[in-house]
Amino acid sequence: MHNEHSDTHFQSRIDNGEHIEAKDYMPEGYRKHLIRQMSQHAHSEVIGMQPEGNWITRAPSLRAKQILLAKIQDEGGHGLYLYSAVETLGVSRAELIEQLQTGKAKYSSIFNYPALNWADIGAIGWLVDGAAIVNQVSLQRTSYGPYSRAMVRICKEESFHQRQGYEIMTTMMRGTKDQQAMAQDAMNRWWWPSLMMFGPHDSDSPRSGDAVKWKIKRETNDELRQKFIDKTIPQAELIGLTIPDKNFKLDEKTGHYTLSPINWEEFHRVVSGHGPCNKQRLDHHIKYHQEGAWVREAAEAYKLKTAKKELVTA
Amino acid sequence: MATDTQLDLWEVFIQSKSGLPYIHSGSVHASDVKMAMQNARDIYTRRGEGTSIWVVPAKHISASNPDDNDMLFDPSNDKIYRHPTFYVMPEGAKNI
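Because the structure is a prediction, the values reported are computed rather than measured. (Residues numbered from 1 in each chain as written. Chains lettered and ligands numbered in written order. Predicted model: local features only at pLDDT ≥ 70, side-chain atom pairs only at ≥ 80, totals over all residues. Heavy atoms only, no water.)

Enquirer: I'd like to hear about the overall build of chain B, residue by residue, with values.
Expert: The secondary structure content of chain B amounts to two helices and three strands. Start at the N end of chain B and walk to the C end: the helices and strands fall as β-β-α-β-α. Over its C-alpha trace chain B gives a radius of gyration of 21 Å, far above what one expects of a compact globule, namely 12 Å for 96 residues. A principal-axis box enclosing the C-alpha atoms of chain B has dimensions of 80 × 35 × 15 Å. Burial analysis of chain B (96 residues in total) assigns 22% to the buried set. Surface summary for chain B: the accessible area is close to 7200 Å², and the carbon and sulfur share equals 54%. Positive and negative side-chain charges of chain B, numbering 9 and 12 respectively, have mean locations separated by a distance of 12 Å. (Helix = DSSP H or I, 4+ residues; strand = E, 2+ residues; numbered from the N terminus. Rg over C-alpha atoms; globule rule 2.2 N^0.38 Å. Buried < 20%, exposed > 50% of the residue type's maximum accessible area, 1.4 Å probe, protein only. Areas by Shrake-Rupley, 256 points an atom, 1.4 Å probe, with all protein chains shown as cover. Lys, Arg positive; Asp, Glu negative; His and termini not counted. Charge placed at Lys NZ, Arg CZ, Asp CG, Glu CD.)

Here it is as structure tokens:
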């Protein structure tokens, strides 16, 4: 239902800095944009469990294993907060999962890269979660109430994720030559894909306009990417890691770092399904979703049974 | 003859400021959603406490039993590594 008057009123609420709640009027475009963005976010949390899950049984100590388990459990929880928040917009969990499994909905392309060794777990926590935090801190002020509240909760929990990753990197950089080389190798492989997590440059980002106008996004892709770069480079240098970019430098005038151009051809290749692990990630999700069907069926059967009992005893 | 009841019990949740979580304020009696909403407004927001109200039939709320707290919350007590302060950051690390 399109209603010009309501749309104008809606925009004035947004311009006033008000948040929108599930039962409030919202234009169809706003609802659609949120469903797309929030479900992509939820899918990313859930698919993101896979590269790290690969290392639970191979963690180098019981301490590391407990931490990794707790982190992955958090990611599953974050997926649930987000799926529930999307469902307030009138879309069902089953539809969302189908969109993921048929490739209609995307997830963050970073999770299509493999976690090859233990240093990758450090790099994922520090860089990938670090980039996600920059994005999510900004989204705490998003205009949709349920999304904003999910982000507040998630940000509180993410901070341990990033610190555990940086702790791993620090430990390895204080270790043997081989361990240092492993940490640097992980840095080299994860640095550029982490920068791509913020999406295309503002000039090439077709949907950014509406998202900013509706205050779904409070900062643009390039602004967020720059924040991440500026806070991460000093962290790398502090523990002796080298930025895999011969041209990076600090612009003394602006206080910002500048880098070589990002390889967007790689980004588009991975997003469109041709990264190292795209097929593996989706196949895994579909396999376990199908193998878990009996649990959902059992729960439905139990629901019917208890409903019948209540009828008898009522 | 009409039955004289005290109507149904509804729980009231108020959002104090745009975007914040809805917090339980108390309950009202009402015969339907409309009355519950009006009563909640009259009883709980007389001093501009809210920007938004949710009302939910009390019978639809399930609560945990406080006697079960030890058992219920035990799994989270011994996992201090879920807190960021558990991790040792190198001297001079910033913004982390």
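Enquirer: How would you summarise the packing of aromatic side chains if you had to cite specific residues and measurements?
Expert: With the rule as written, the count across this model stands at 13 aromatic pairs over all chains. Centre to centre, the rings of A:Trp55 and A:Trp118 are 6.5 Å apart; their planes meet at 65°, and the pair counts as edge-to-face. Of this pair, A:Trp55 sits in the loop between helix H3 (49–53) and helix H4 (62–87) while A:Trp118 sits in helix H6 (residues 118–139), and the two are 63 residues apart along the sequence. Grouping residues by exposure puts A:Trp55 and A:Trp118 together as buried. Ring geometry for B:Phe86 versus B:Tyr87: centroids 5.1 Å apart, planes at 85°, classification edge-to-face. Exposure remark for B:Phe86: the relative accessible area of 25% places this residue in the partly exposed category. The exposure class assigned to B:Tyr87 is buried, which follows from its relative accessible area of 3%. Members of the aromatic cluster, joined through ring pairs, are A:Phe160, B:Tyr81, B:Phe86 and B:Tyr87. (Phe/Tyr/Trp six-rings, centres within 6.5 Å; stacked < 30°, edge-to-face > 60°.)

Enquirer: How would you explain the pairing of strand E1 (residues 8–15) of chain B if you had to name every residue and give the values?
Expert: Residue and element names in this part refer to chain B. Of all eight residues making up E1, six are buried, and the element is well covered by its neighbours. Of the strand pairs in this sheet, E1 and strand E3 (residues 52–57) are connected by six bridges, and their pairing is antiparallel. Along E3, the bridge assignment pairs Trp-10 with Pro-57. (Pairing = 2+ DSSP bridges.)

Enquirer: Account for the side chain of A:Thr142, naming residues and giving values.
Expert: When you line up the elements, A:Thr142 lands in the loop between H6 and helix H7 (145–173). Engagement of the side chain of A:Thr142 in a polar contact is seen with the backbone oxygen of A:Ile216, the distance being 2.7 Å. (Polar contact = N/O pair within 3.5 Å; in protein donor to acceptor, adjacent residues only side chain to side chain.)

Enquirer: I'd like a rundown of the interface of chain A and chain B, residues and numbers included.
Expert: Facing 26 residues of chain A, the contacting portion of chain B comprises 21 residues. Across the interface of chain A and chain B, roughly 2000 Å² is buried in total on both sides, 59% from carbon and sulfur atoms. Contact with chain B buries area across many residues of chain A, yet A:Arg149, A:Phe160 and A:Arg163 alone supply 31% of it, more than any other trio. In this assembly, chain A and chain B are joined by zero salt bridges. In this structure, the connection of chain A to chain B is made through eleven residue pairs in polar contact (both at pLDDT 80 or more). Where the side of chain A that touches chain B is concerned, the elements lending two or more residues are H4, H7 and helix H10 (221–238) of chain A. (Contact = heavy atoms within 4.5 Å. Buried area = accessible area lost by both parts, 1.4 Å probe. Salt bridge = Lys/Arg side-chain N within 4 Å of Asp/Glu carboxyl O.)

Enquirer: Can you explain the sheet that holds E1(B)? Please cite residues and give values.
Expert: Consider a sheet: its strands pair through backbone hydrogen bonds, and that pairing is either parallel or antiparallel. Residue and element names in this part refer to chain B. The sheet built from three strands is open, its strands ordered E2-E1-E3 with antiparallel pairing. Either end of the sheet is taken by a strand with one partner, and the two such strands are strand E2 (23–30) and E3. Pairs of neighbouring strands in the sheet enclose a mean axial angle of 30°, with direction left out of account. (Axes fitted to C-alpha atoms, helices over the stretch in contact; angles between N-to-C directions.)

Enquirer: Tell me about unusual backbone geometry, residues and numbers included.
Expert: Non-glycine residue A:Lys215 carries a positive phi angle of around 60°. Tracing the sequence through the fold places A:Lys215 in the loop between helix H9 (208–213) and H10. In the Ramachandran plot, B:Asn95 falls in the positive-phi region, its phi being about 60° despite a non-glycine side chain. Summarising the element assignment, B:Asn95 is placed in the segment after helix H2 (69–73).

Geometry only, nothing functional implied.
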